[in-house]
Amino acid sequence: MNKRRILFVCLGNICRSPMAEYVLRHQAAERGLSHLVETASAGTSGWHDGEGMHRGTRDELKAHGIAADGFSSRKIRREDPAHYDLIIAMDDDNLAELERQFGRRPGKQFKLTDLIPDSGYQAVPDPWYTGNFVETREIISACCRELLDRISDHSL
Ligand code: 4NP
């Protein structure tokens, strides 16, 4: 089975999308599915280009034994849609910006929370504003589990 290249996208690329990038990679390794996914992340803004992830994201990952090293924030690039199989946004604003720049691609470009329609979340809450990195990791983890399930059973 081909490796799926997955790009997670948020606004700043220091809180939510790096968390999703590292959580999915960790879950894949735990489940022996690393051969199925390649994960990366980017931001729509470029405001934090070259910076590491937010301390709150890093601490939350580390508290759960998830590697958080080697990260550098970057802005989305024109060539991303050609390289990545799935481009997964954290909220409606991210998705709208992706659609503005890359066009509408519902099967390839969607919100992470769309994977669990009955979760009660329409978007991944942004801890830059909420300060709640625990809640953000919990919904990201649940959605990433679903994403891996779907990739491994060929439904995505
Ligand atoms: P993120 O959160 O999009 O999840 O990385 C934010 C990070 C930085 C800013 C806003 C949101 N900011 O305004 O700099």
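As the structure is a computational prediction, the values presented were derived from the model and not from experiment. (Residues numbered from 1 in each chain as written. Predicted model: local features only at pLDDT ≥ 70, side-chain atom pairs only at ≥ 80, totals over all residues. Heavy atoms only, no water.)

1. Concerning the pairing of strand β1 (residues 4-10)
Next, step 1: Within β1, six of the seven residues are buried, which leaves it mostly tucked inside the rest of the structure.
Next, step 2: The pairing of β1 with strand β3 (residues 86-89) spans four bridges and is parallel. Bridging from a neighbouring strand, phenylalanine 8 pairs with isoleucine 88 of β3. (Buried < 20%, exposed > 50% of the residue type's maximum accessible area, 1.4 Å probe, protein only. Helix = DSSP H or I, 4+ residues; strand = E, 2+ residues; numbered from the N terminus. Pairing = 2+ DSSP bridges.)

2. Some remarks on the environment of aspartate 114
Next, step 1: With respect to the helices and strands, aspartate 114 occurs in the loop between β4 (109-111) and α5 (127-130).
Next, step 2: According to the relative accessible area criterion, aspartate 114 is partly exposed, its value standing at 39%.
Next, step 3: On a C-alpha basis, the gap between aspartate 114 and threonine 44 in space is 19 Å, while along the polypeptide they are 70 residues apart.

3. Some words on the site of the ligand
Next, step 1: Taken together, Cys10, Leu11, Gly12, Asn13, Ile14, Cys15, Arg16, Trp47, His48, Asp126, Trp128 and Tyr129 are the residues near the ligand.
Next, step 2: A distance of 2.8 Å separates an oxygen atom of the ligand from a polar atom in the side chain of histidine 48.
Next, step 3: The side chain of tryptophan 128 places a nitrogen or oxygen atom 3.4 Å from an oxygen atom of the ligand.
Next, step 4: Computed on the free molecule, the ligand has an accessible area of 360 Å², of which 92% lies beneath the protein chains in the complex. (Near = heavy atom within 4 Å. Polar contact = N/O pair within 3.5 Å; in protein donor to acceptor, adjacent residues only side chain to side chain. Areas by Shrake-Rupley, 256 points an atom, 1.4 Å probe, with all protein chains shown as cover.)

4. Considerations on the packing of helix α1 (residues 16-30) against helix α2 (residues 55-63)
Helix-helix packing is characterised by the crossing angle of the two axes and by the distance between the axes.
Next, step 1: Two elements in contact, α1 and α2, have axes separated by 10 Å at closest approach and are oriented at 20°. Comparing the axis directions of α1 and α2 gives the class roughly parallel. Crossing handedness for the pair α1 and α2: right-handed. Across from Met19, Tyr22 and Val23 in α1, the residues of α2 making contact are Thr57, Glu60 and Leu61.
Next, step 2: Counted by class, the contact of α1 with α2 contains four nonpolar, one polar and one charged residues. (Axes fitted to C-alpha atoms, helices over the stretch in contact; angles between N-to-C directions. Parallel < 35°, antiparallel > 145°, perpendicular 65-115°, else oblique. Left-handed = near helix turned anticlockwise from the far one by under 90°. Contact = heavy atoms within 4.5 Å. Nonpolar A, V, L, I, M, F, W, Y, C, P; charged D, E, K, R; others polar.)

5. Looking at the packing of aromatic side chains
Next, step 1: Enumeration according to the criterion identifies one aromatic pair in this entry.
Next, step 2: An angle of 75° between the planes, with centres 6.3 Å apart, marks the rings of tyrosine 22 and phenylalanine 71 as edge-to-face. Residue tyrosine 22 is found in helix α1, and its partner phenylalanine 71 is found in the loop between α2 and α3 (80-83); the two are separated by 49 residues along the sequence.
Next, step 3: Tyrosine 22 sits in the buried class, given a relative accessible area of 5%.
Next, step 4: For phenylalanine 71, a relative accessible area of 13% gives the class buried.
Next, step 5: Just above the ring of tyrosine 22 sits the side chain of arginine 25; from NZ or CZ to the centre is 4.7 Å. (Phe/Tyr/Trp six-rings, centres within 6.5 Å; stacked < 30°, edge-to-face > 60°. Lys NZ or Arg CZ within 6 Å of the ring centre and 35° of its normal.)

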